[in-house]
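One-letter residues, chain by chain:
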Amino acid sequence: MENITFNNGVTMPVLGYGTFQTPPAITEENVAKAIQIGYRSIDTAQVYGTEAGVGAAIVHSDLARDQFFVTTKTQTDGYAATVQGLDESLQRFGHDYFDLVIIHWPTANSLGTYRALEEAYQAGKVRAIGLSNFNSAQIDHLLANSQVKPVIDQIETHLFWQQAKMHPYLLDHDIVHESWAPLGENFGREMMSLPAVTALAEKYNVAPAQVLLRWLTQQSIVTIPKSTNLAHIQSNFDATTFNLTQAEIDSLRQFDRHHSIKDWPQSMREDAY
């Protein structure tokens, strides 16, 4: 698996396994399948209710904790709530540290939330800290009022919303670009049926979903596709076994619709970046 190096020297696999909307009761089972296939990066969040299942799957994998990269996201607002919330997350997770903790959404007191993450980082409870769903103005404000630079911003990114403004901004600021919804969720079938995508899938003898994932990872965009289908979990993992040409990567830019498929708030629209 290819890795991305953060601005603090910590490395993260470019492709991981997501647990968004996975029922907590079957999280451990599905994460265990992903681990058996070879995934070592697992994405969870306080609001998902999957932290305990992820931690249990790691324990029962018989692999050392340091063989995994685990991300969680805060669902708290402000310093005190975040300190308490992160300790509760660690208890649910059942391990001493997370590899990455990010603020799930900007809030009224993002600076206080981030200060709690900075202290957790300095205390060794987390190896890296970052953001999710922050636009450039929000990141600029945080950079001007914090001590530890965020390593990542996890934002909706896929063929239909390519983040043409945020991607270079993040590169310029040495912040890794991570995609959520890399397969476009409800728009996935439409993306995968595009003739330009199916032609590339046929050329490389891969699935259209693999083309969409590889198109992202070759741009150094971390992806965390989620599935509970074993065949899809395997197929997604194999999406780094071939390389698109630069011309092929560029040819898919024509499909950018320049807006969210989820109709997120004004602050997340492309014209806000």
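Please refer to the structure placed before this passage.
Source: prediction; values computed, not measured. Residue positions are counted from 1 within each chain, in the order its sequence is given. Since the coordinates come from a predicted model, pLDDT governs what is reported: local features require at least 70, and pairs of side-chain atoms require 80 or more to be given and counted, while whole-chain, interface and lining totals use all residues. Computation of side-chain values covers all heavy atoms of the structure but excludes hydrogens and water.

Visitor: Mind showing me how you'd approach the sheet that holds strand β8 (residues 152-156) here?
Guide: Strand pairs in the sheet, formed through backbone hydrogen bonds, run parallel or antiparallel to each other. What makes two strands pair is DSSP finding at least two bridges between them. Segments assigned H or I by DSSP are reported as helices when at least four residues long, segments assigned E as strands when at least two residues long, and all are numbered from the N terminus. With parallel pairing, 8 strands are arranged side by side in an open sheet as β3-β4-β5-β6-β7-β8-β9-β10. The open sheet terminates on both sides in strands that have one partner only, identified here as β3 (17-18) and β10 (221-223). Sheet topology places β8 next to strand β9 (residues 176-180); 5 bridges connect them, and they run parallel. If you follow Gln154 over to β9, its bridge partner there is Glu178. The strands that helix α9 (residues 208-217) touches are β9 and β10; relative to β10, the one it contacts most, it runs at about 140°. The criterion used for residue contact is that any of the two residues' heavy atoms lie within 4.5 Å. Inter-axis angles, ranging from 0 to 180 degrees, are taken between N-to-C directions of lines fitted to C-alpha atoms, where helices are fitted over the stretch in contact.

Visitor: How should I be thinking about the pattern of salt bridges in this particular structure?
Guide: Where charged atoms of side chains with opposite charge meet at close range, the side chains can pair. Salt bridges, as used here, are contacts in which a Lys or Arg side-chain nitrogen is within 4 Å of a carboxyl oxygen on Asp or Glu. As enumerated under the stated definition, the model contains 10 salt bridges in all. Where Lys73 meets Asp43, a salt bridge forms, and the shortest distance between an N and an O atom there is 2.5 Å. Placement of the pair is Lys73 in strand β5 (residues 69-74) and Asp43 in strand β4 (residues 41-43), with a sequence separation of 30 residues. Remark: exposure states derive from per-residue accessible area (1.4 Å probe, protein chains only) relative to the maximum for the residue type, with buried under 20%, exposed over 50%, and partly exposed in between. Accessibility expressed as a relative area gives 0% for Lys73, which makes it buried. Here Lys203 and Glu248 are joined by a salt bridge, their closest N and O atoms 2.5 Å apart. With a gap of 45 residues between them, Lys203 in helix α8 (residues 195-204) and Glu248 in helix α11 (residues 246-251) connect regions that are remote in the sequence. Judged by its relative accessible area of 11%, Glu248 is buried. Each of the salt bridges in this network shares a partner with another, and the network as a whole consists of Arg65, Asp99 and Arg127.

Visitor: How do you make sense of the packing of aromatic side chains when you look at a structure like this?
Guide: Aromatic rings in a pair are described by how distant their centres are and how their planes are angled relative to each other. For Phe, Tyr and Trp, where Trp contributes only its six-membered ring, two rings pair if their centres lie within 6.5 Å, and the inter-plane angle classes them as stacked under 30 degrees, edge-to-face over 60, or tilted in between. Taken as a whole and judged by the stated rule, the model has 7 aromatic pairs. With centroids separated by 6.1 Å and ring planes inclined at 65°, the aromatic side chains of Phe6 and Phe69 adopt a geometry described as edge-to-face. Within this pair, whereas Phe6 is found in the loop between β1 (3-5) and β2 (11-13), its partner Phe69 is found in strand β5, the two being separated by 63 residues in sequence. A single burial state applies to Phe6 and to Phe69, both of which are buried. Taken together, a centroid distance of 6.3 Å and an interplanar angle of 80° make the contact between Phe160 and Phe187 edge-to-face.

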